[in-house]
Amino acid sequence: MEVKIAESWKNHLEAEFSKPYFAKLVEFVKEEYKNHTIYPPGRLIFNAFDKCAFDDLKVVIIGQDPYHGAGQANGLCFGVNDGVSIPASLRNIFKEINQDVGKAIPKSGNLERWAEQGVLLLNAVLTVREATPGSHAKKGWEDFTDAIIHHIAENKTGIVYMLWGSYAQKKGEFIDTQKNLVLKAGHPSPLNKTSPFGGCKHFSQANAYLKMRGETEIDW
């Protein structure tokens, strides 16, 4: 099955595309795009991979579902396009970066610049029906993104994993903490009242780790 995904990832994921579950998932997604308004636009489903080459990978951030409002989702978890109002979770992420590393809070929520520096902004589910959060959950996307995380963990060391909230932490629970930096905190959503995100200092910790390994730090 031909999947339009960046060449740097295609070789690594070719086997996954030929599995029966993925064929079913493709049929489901095609039908959904045909009959409903689905986000992100089809050309941006694999944007996280297009913007962050496998060989450049330094940081993995795991989200859950794409934004389900008009014009928001662009294939990068937590990010939105220029000109789109910054969602609450991303505002909290920017606030933490400001407090942690002193970087001014940007006016745009576009995170392409992170991706281009080696940050994989991976949602667990890559598509969603308009105004219906979770509508494409348990259709096969989770199997696909689990396979990606396993493949990264098996083929790369020295990666920073930012696992925010119990969902992301469960998805990355197998990652070897001796060979990578695994950072955990509560979800940045303002609805999260139980496990704090603010004050986690993940961004300075990530850069300190990259610097220690002789790699270029991320300009958050």
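Above this text you will find the structure in question.
These notes cover the structure that comes with them. (Residues numbered from 1 in each chain as written. Predicted model: local features only at pLDDT ≥ 70, side-chain atom pairs only at ≥ 80, totals over all residues. Heavy atoms only, no water.)

### Concerning the overall build of the chain
Broken down by element type, the chain carries eight helices and six strands. Each helix and strand of the chain, placed in order from N terminus to C terminus, yields the pattern α-α-β-α-β-α-α-β-β-α-β-α-β-α. Scaling as 2.2 N^0.38, a compact globule of 220 residues should have a C-alpha radius of gyration of about 17 Å, and the chain matches this with 17 Å. In terms of its C-alpha atoms, the chain occupies a principal-axis envelope of roughly 45 × 35 × 30 Å. Every one of the 220 residues in the chain was classed for burial, and the buried ones make up 50%. Across the chain, every contact between residues at least 6 apart in sequence was considered, and the portion connecting residues at least 24 apart equals 64%. (Helix = DSSP H or I, 4+ residues; strand = E, 2+ residues; numbered from the N terminus. Rg over C-alpha atoms; globule rule 2.2 N^0.38 Å. Buried < 20%, exposed > 50% of the residue type's maximum accessible area, 1.4 Å probe, protein only. Contact = heavy atoms within 4.5 Å.)

### A short note on helix α8 (residues 202-212)
Buried within α8 are the following residues: H202, F203, A206, N207, Y209 and L210. All buried residues of α8 lie within an arc of 160 degrees about the axis, which places them on one face of the element. Opposite its buried face, α8 presents the exposed residues K211 and M212, each directed more than 90 degrees away. On its buried face, α8 is in contact with β2 (59-63), α4 (88-101), α5 (112-115), β5 (160-164) and β6 (181-185). One or two steps after α8, the chain reaches G214, where phi turns positive at roughly 80 degrees. (Arc of directions from axis to C-beta.)

### So, the packing of α4 against α8
Axis angle and axis distance: for two packed helices, these are the angle between their axes and the distance between the axes, and together they describe the pair. Closest axis-to-axis distance for the α4/α8 pair is 8 Å, and the angle between their directions is 60 degrees. Viewed along their axes, α4 and α8 adopt a mutual orientation that is oblique. Across the interface between the two elements, I93, E96, I97, D100 and V101 of α4 pack against H202, F203 and S204 of α8. Along the lines of polarity and charge, the residues of the contact of α4 with α8 split into four nonpolar, two polar and two charged. (Axes fitted to C-alpha atoms, helices over the stretch in contact; angles between N-to-C directions. Parallel < 35°, antiparallel > 145°, perpendicular 65-115°, else oblique. Nonpolar A, V, L, I, M, F, W, Y, C, P; charged D, E, K, R; others polar.)

### Comments concerning the packing of aromatic side chains
With the rule as written, the count across this model stands at 18 aromatic pairs. Taking 5.0 Å as the distance between ring centres and 75 degrees as the angle between the ring planes, the aromatic pair formed by W9 and F49 counts as edge-to-face. With W9 in helix α1 (residues 7-17) and F49 in helix α3 (residues 47-51), this residue pair connects regions lying 40 residues apart in the sequence. Neither residue differs from the other here; W9 and F49 are each classed as buried. Pairing W9 with F54 gives two aromatic rings, centres 5.1 Å apart and planes at 90 degrees, and the pair type is edge-to-face. A residue pair is termed long-range when its members are at least 10 positions apart, and W9 in helix α1 and F54 in the loop between α3 and β2 qualify at 45 residues. (Phe/Tyr/Trp six-rings, centres within 6.5 Å; stacked < 30°, edge-to-face > 60°.)

### Observations concerning the environment of A124
The residue A124 is located in the loop between β3 (119-123) and β4 (128-129) in this model. In this structure the C-alpha to C-alpha distance between A124 and A137, which are 13 residues apart in sequence, comes to 8.7 Å. Setting aside residues up to four positions removed in sequence, A124 forms contacts with G63, Q64, W141, E142, T145, Y167 and K171.

### Overview of the sheet that holds β6
Pairing is parallel across the open sheet formed by four strands, whose spatial order is β3-β2-β5-β6. Two strands bound the open sheet, and with one partner strand each, they are β3 and β6. Neighbouring strand axes in the sheet, compared pairwise and without regard to direction, differ in orientation by 20 degrees on average. (Pairing = 2+ DSSP bridges.)

### Describing the pattern of salt bridges
Applying the stated criterion across every chain yields a total of six salt bridges. Notably, a salt bridge pairs E16 with K19, separated by 3.2 Å at the nearest N-O pair. Take E16: its relative accessible area is 12%, and that puts it in the buried class. Judged by its relative accessible area of 36%, K19 is partly exposed. K171 is the salt-bridge partner of D146, the closest N and O atoms lying 2.6 Å from each other. On the criterion of sequence distance, the pair formed by D146 in helix α6 (residues 141-155) and K171 in helix α7 (residues 166-171) is long-range, its members being 25 residues apart. (Salt bridge = Lys/Arg side-chain N within 4 Å of Asp/Glu carboxyl O.)

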